[in-house]
Amino acid sequence: MTYDFNKIIDRRNTRSLKWEKEDMLPLWVADMDFQAPPEVIEALMKRAEHGIFGYPGSCSSSFQSIKSWMERRFSWQVEEDWINFCPGTIPALSMLVRTFTHPGDRIILQAPNYPPFLNITRDNGCHAVYNQLQFKQGKYHMDFADLEQKIKEPRVKLLILCSPHNPVGRVWEKEELARLAEICLDNNVLVVSDELHADLVYKGCQHIPLPLVSDGIAQNTIVLSGPTKTFNLAGLQTSFSIIPNPQIRSRFKTALEVSGYSRPNVFGLEAVHSAYDYGEPWLESLIIYIRDNLDFLTEYLNNKIPILKVIQPEGTYLAWIDCRELKMETQELEKFFLSAGVFLNQGYAFGPGGAGFIRLNLACPRSTLEEALQRIERAIISRLNL
Ligand SMILES: Cc1ncc(COP(=O)(O)O)c(C=O)c1O
């Protein structure tokens, strides 16, 4: 079957957050301008046609789908009772922070980082400790010397790992994960591994779930995952945690119950099941399309806007672009892209190391990407009087 990712689908007036801004071409928030796989749409339509949407019962068949996905894609053998549904990765992360820290504790973030990591840290009364990523030889790296120092600060309880990393696009290698795991274990710091982008990895790279790195780290990690980025299902608010350690799992389960959350959404369950069981061919085609979009972007910038430099991602559908040669202050840079008519995520929002960068969402038809780049090119030409 072939999938038409070039097709433009009008998303205005569909209550889409991404497309709410009038007159802007939106290449910001991480959702895709593509329809979900046909098998998912069909399963949801069938469920809708049934017409009765009462409380869902056993999640067993969806757990089976998750288990076989993890086994097929990552050679990870997950037990059914390690999995808990959550109404989203962000709500799960917030509950985890409340469960495993006290106000005043410290949480390590590897900046530049997905902005809600900081919001959740602060909103729950904790302090962020930044273990900033280092950019060397065209690639971001973890700074282990810095981590070893900062993890010893008083009241460091948690490290939030983003794997693959949003926004810089790194797919962490086994050696990097093993070093991070060792440091966290030595210092008794729990790891939350946000692996929501795990399926969106380009050819030549392989995502490794953190618990596969060692038995020790498996017992010290909470993985957050789900099909929502992979299959464009974020509006269904269905994600899950995978926790091999029974004590940690039981504390988190209690936290879910205390919050009053007990049952996933019926459509979310259908989506998990149909996406993981039947969506793989669609996903393989999607990754190729996004990779081609990345090549298109890179070539366009190299040939026509060389002042902007894309940091080559290994995964995610997000491109992290260095705009520092434009020599604009953060607010000026933000206004500049708005005046160009393209809505992007501004790098400063991603914390230390983010200022002067933009994050561009590649998950759109090529013609949308081209239009956005033409708008940016025109704005740069007029700004620099080229
Ligand atoms: C790394 C990461 N974690 C979590 C989320 C949000 O997840 P959810 O919609 O499940 O709350 C995103 C969305 O972009 C993300 O990039």
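Residues numbered from 1 in each chain as written. Predicted model: local features only at pLDDT ≥ 70, side-chain atom pairs only at ≥ 80, totals over all residues. Heavy atoms only, no water.

Enquirer: In this structure, what is going on with the overall build of the protein? I would like to understand it.
Expert: Helix and strand counts for the protein come out as 12 helices and 15 strands. Against the 2.2 N^0.38 benchmark of 21 Å for 386 residues, the protein shows a C-alpha radius of gyration of 21 Å, consistent with a compact globule. Relative to its 386 residues, the protein shows a buried fraction of 56%. Total accessible area on the protein stands at roughly 17200 Å², and carbon and sulfur atoms take up 49% of it. (Helix = DSSP H or I, 4+ residues; strand = E, 2+ residues; numbered from the N terminus. Rg over C-alpha atoms; globule rule 2.2 N^0.38 Å. Buried < 20%, exposed > 50% of the residue type's maximum accessible area, 1.4 Å probe, protein only. Areas by Shrake-Rupley, 256 points an atom, 1.4 Å probe, with all protein chains shown as cover.)

Enquirer: What exactly am I supposed to notice about the sheet that holds strand E3 (residues 106–109) here?
Expert: The strands making up a sheet associate through backbone hydrogen bonding, with each pair oriented either parallel or antiparallel. The mixed open sheet is built from seven strands, whose spatial order is E2-E10-E9-E8-E7-E3-E4. Across the chains shown, the open sheet's two edge strands, defined by having one partner strand only, are strand E2 (83–86) and strand E4 (127–130). With strand direction ignored, the average angle separating the axes of adjacent strands in the sheet is 25°. As defined by bridge partners, strand E8 (residues 190–194) adjoins strand E9 (residues 221–225) across four bridges and the pair is classed as parallel. Paired with Val192 across the strands is Ile222, a residue of E9. (Pairing = 2+ DSSP bridges. Axes fitted to C-alpha atoms, helices over the stretch in contact; angles between N-to-C directions.)

Enquirer: It is not clear to me how the packing of aromatic side chains should be interpreted in this structure. Could you clarify?
Expert: The description of an aromatic ring pair uses the distance of the two centres, along with the angle that the planes make with each other. Here the structure, examined in full by the defined rule, presents 20 aromatic pairs. A cation over an aromatic ring shows up here: Arg366 above the ring of Tyr289, its NZ or CZ 4.4 Å from the ring centre. (Phe/Tyr/Trp six-rings, centres within 6.5 Å; stacked < 30°, edge-to-face > 60°. Lys NZ or Arg CZ within 6 Å of the ring centre and 35° of its normal.)

Enquirer: I keep staring at unusual backbone geometry and nothing clicks. Help me out?
Expert: Working note: non-glycine residues mostly have negative phi, and peptide bonds are mostly trans. Here the amide bond leading from Ala111 into Pro112 is cis, since omega sits at 0°, within 30 degrees of zero. Of note, Pro112 is situated in the loop between E3 and helix H4 (115–123). In this model, Ser163 is joined to Pro164 through a cis peptide bond whose omega is -5°. Here Pro164 shows up in the loop between strand E7 (156–162) and helix H6 (174–186). The phi angle at Gln137 is positive, at roughly 45°, despite the residue not being glycine. By the secondary structure assignment, Gln137 is in the loop between strand E5 (134–136) and strand E6 (139–141).

Enquirer: Hey, could you run me through empty space enclosed by the protein in this one?
Expert: Rolled over the atoms, a probe as big as a water molecule pinpoints where empty space is left. Using the criterion set out here, one finds two cavities of 30 Å³ or more in the structure. The volume enclosed by the largest cavity comes to roughly 50 Å³. Lining the largest cavity are Glu334, Phe337, Leu338, Val342, Phe343, Leu344 and Gln346. If you list the elements that add at least two residues to the lining of the largest cavity, you get helix H11 (330–340) and strand E13 (342–343). Grouping the constituent residues of the lining of the largest cavity by class yields five nonpolar, one polar and one charged. Within the residue set of the lining of the second largest cavity, elements represented by two or more residues are helix H2 (60–74) and E9. Tallied by class, residues from the lining of the second largest cavity come to six nonpolar, two polar and two charged. (1 Å grid on protein atoms, 1.4 Å probe; cavity = no way out; pocket = protein on both sides within 12 Å on 5 of 7 lines; lining within 4 Å. Points joined across faces, edges and corners; volume = space filled by probe spheres on them. Nonpolar A, V, L, I, M, F, W, Y, C, P; charged D, E, K, R; others polar.)

Enquirer: How should I be thinking about the site of the ligand in this particular structure?
Expert: Inspection of the region around the ligand gives Ala30, Gly88, Thr89, Ile90, Tyr114, Cys162, Asn166, Asp194, Leu196, His197 and Lys229 as its neighbouring residues. Separating an oxygen atom of the ligand from a side-chain N or O atom of His197 is a distance of 2.7 Å. In this structure, an oxygen atom belonging to the ligand sits 2.9 Å away from a side-chain N or O atom of Lys229. Protein chains shield 89% of the accessible area of the ligand, which is 400 Å² for the free molecule. Spatially, the ligand is embedded in the largest pocket. Across the shell around the ligand, the residue classes break down as five nonpolar, four polar and two charged. (Near = heavy atom within 4 Å. Polar contact = N/O pair within 3.5 Å; in protein donor to acceptor, adjacent residues only side chain to side chain. Sits in = over half its atoms within 2 Å of the grid points.)

Enquirer: Can you help me understand the side chain of Ser94 in this one?
Expert: Inspection of the secondary structure puts Ser94 in helix H3 (residues 89–100). For Ser94, a relative accessible area of 14% translates into the label buried. Excluding its chain neighbours within four sequence positions, the residues that come into contact with Ser94 are Ile120 and Asn124. (Contact = heavy atoms within 4.5 Å.)

Enquirer: What exactly am I supposed to notice about H4 here?
Expert: Quick reminder: α-helices carry 3.6 residues per turn. Residues three or four places apart thus point the same way. Within H4, the full set of buried residues consists of Pro116, Phe117, Leu118, Ile120 and Thr121. Where H4 is buried, its residues contact H3, E3, E4, E7 and E8. With its phi angle positive at about 80°, Gly125 sits one or two positions after the end of H4.

Enquirer: Explain the sheet that holds strand E11 (residues 309–311) to me, please; I cannot follow it from the model alone.
Expert: An order of E11-E12-E15-E14 is seen for the four strands of this open sheet, with the pairing classed as antiparallel. Looking at which strands have only one partner, the edges of the open sheet turn out to be E11 and strand E14 (345–346). By the bridge criterion, two bridges tie E14 to strand E15 (residues 357–361) in an arrangement that is antiparallel. Across the sheet, residue Gln346 finds its bridge partner in E15, namely Ile358. Contacts between helix H10 (residues 280–304) and the sheet are confined to E11, strand E12 (318–322) and E15, with E11 contributing the most and set at about 150° to the helix.

Enquirer: Can you help me understand the layout of surface pockets in this one?
Expert: One number sums up the size of the largest pocket: a volume of about 1300 Å³. Mapped onto the lining of the largest pocket, the elements with two or more residues apiece are helix H1 (38–50), H3, H4 and E14. With three residues, the single largest contributor to the lining of the largest pocket is H3.

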